[in-house]
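# Remarks on the overall topology
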Amino acid sequence: GAGVSQTPSNKVTEKGKYVELRCDPISGHTALYWYRQSLGQGPEFLIYFQGTGAADDSGLPNDRFFAVRPEGSVSTLKIQRTERGDSAVYLCASSPDRAGEQYFGPGTRLTVT
Amino acid sequence: GQQLNQSPQSMFIQEGEDVSMNCTSSSIFNTWLWYKQEPGEGPVLLIALYKAGELTSNGRLTAQFGITRKDSFLNISASIPSDVGIYFCAGQGRNSGGSNYKLTFGKGTLLTVNP
């Protein structure tokens, strides 16, 4: 079946601009996660959705970052007033309603110039 | 926050050799997972471990959940060129409100296999 998909695969933007990154999870998965991966590092947690609600947003670095999942399926990560330090690969993962087993998408590589 | 120490950072081996890598934590985890990531791709789940002491295999891969719940190892037997990639361990705690929760990742082990 179809895995987690993310669009765009690459995004180049200028400092100060607004960007949206989209995640389409595996059909039927109720849990959705966003992670950020910098070069040479493992992914770092940003936010977790159970259904439509953000159950844990403790990983969001500051209030420029926001994510929504209005219908409990597709999620959008929104970054306002982008900074060069936001450059990274943004990964989305989904899981069925049990512990473990998170399945990742291919990521969106964000470059802020 | 929680830290996972993954070692070695990198390995260069000959095709056919066995590989072992491990991960240790200062905190207890309820679940350990191992992922493989190739350039330009997201991490791919290899093995999930749910019980302390559990030993699980997936083809040539074997992983164990340490008894103390603070460590895990991954072995790859008879390596082949397509095993090349970065291997990540990840620990998952348990949110008191539910069974799904964030993963904490190590920094990865870069594996290179010479044919």
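Here's what I pulled together on the structure shown here. (Residues numbered from 1 in each chain as written. Chains lettered and ligands numbered in written order. Predicted model: local features only at pLDDT ≥ 70, side-chain atom pairs only at ≥ 80, totals over all residues. Heavy atoms only, no water.)

### A few points about the state of the cysteines
All names here are of chain A. Here the structure, examined in full by the defined rule, presents two disulfides over all chains. A sulfur-sulfur separation of 1.8 Å characterises the disulfide bridge that pairs Cys 23 with Cys 92. A torsion of -65 degrees about the S-S bond marks the disulfide between Cys 23 and Cys 92 as left-handed. With Cys 23 in strand 3 (residues 19-24) and Cys 92 in strand 9 (residues 88-95), this pair connects stretches of sequence that are 69 residues apart. Residue class for Cys 23 comes out buried when judged on its relative accessible area of 0%. (Disulfide = S-S within 2.5 Å. Helix = DSSP H or I, 4+ residues; strand = E, 2+ residues; numbered from the N terminus. Buried < 20%, exposed > 50% of the residue type's maximum accessible area, 1.4 Å probe, protein only.)

### Considerations on the sheet that holds strand 7 (residues 65-68) of chain A
Residue and element names in this part refer to chain A. The four strands are arranged 1-3-8-7 in an open sheet whose pairing can be described as antiparallel. With partners counted over all chains shown, the strands left at the sheet margins are strand 1 (5-7) and strand 7, one partner each. Pairwise comparison of adjacent strand axes, ignoring direction, gives a mean angle of 15 degrees for this sheet. As paired strands, strand 7 and strand 8 (residues 75-79) are joined by four bridges and run antiparallel to one another. (Pairing = 2+ DSSP bridges. Axes fitted to C-alpha atoms, helices over the stretch in contact; angles between N-to-C directions.)

### Concerning the side chain of Gln 102 of chain A
Relative to the helices and strands, Gln 102 of chain A resides in the loop between strand 9 and strand 10 (103-104). Gln 102 of chain A sits in the buried class, given a relative accessible area of 0%. Here the side chain of Gln 102 of chain A touches Tyr 35 of chain A through a polar contact of 2.8 Å, side chain to side chain. Discounting chain neighbours no more than four positions away, the residues touching Gln 102 of chain A are Tyr 33, Tyr 35, Ala 93, Ser 94 and Ser 95 of chain A together with Tyr 35, Leu 45, Gln 92, Tyr 101, Lys 102 and Leu 103 of chain B. (Polar contact = N/O pair within 3.5 Å; in protein donor to acceptor, adjacent residues only side chain to side chain. Contact = heavy atoms within 4.5 Å.)

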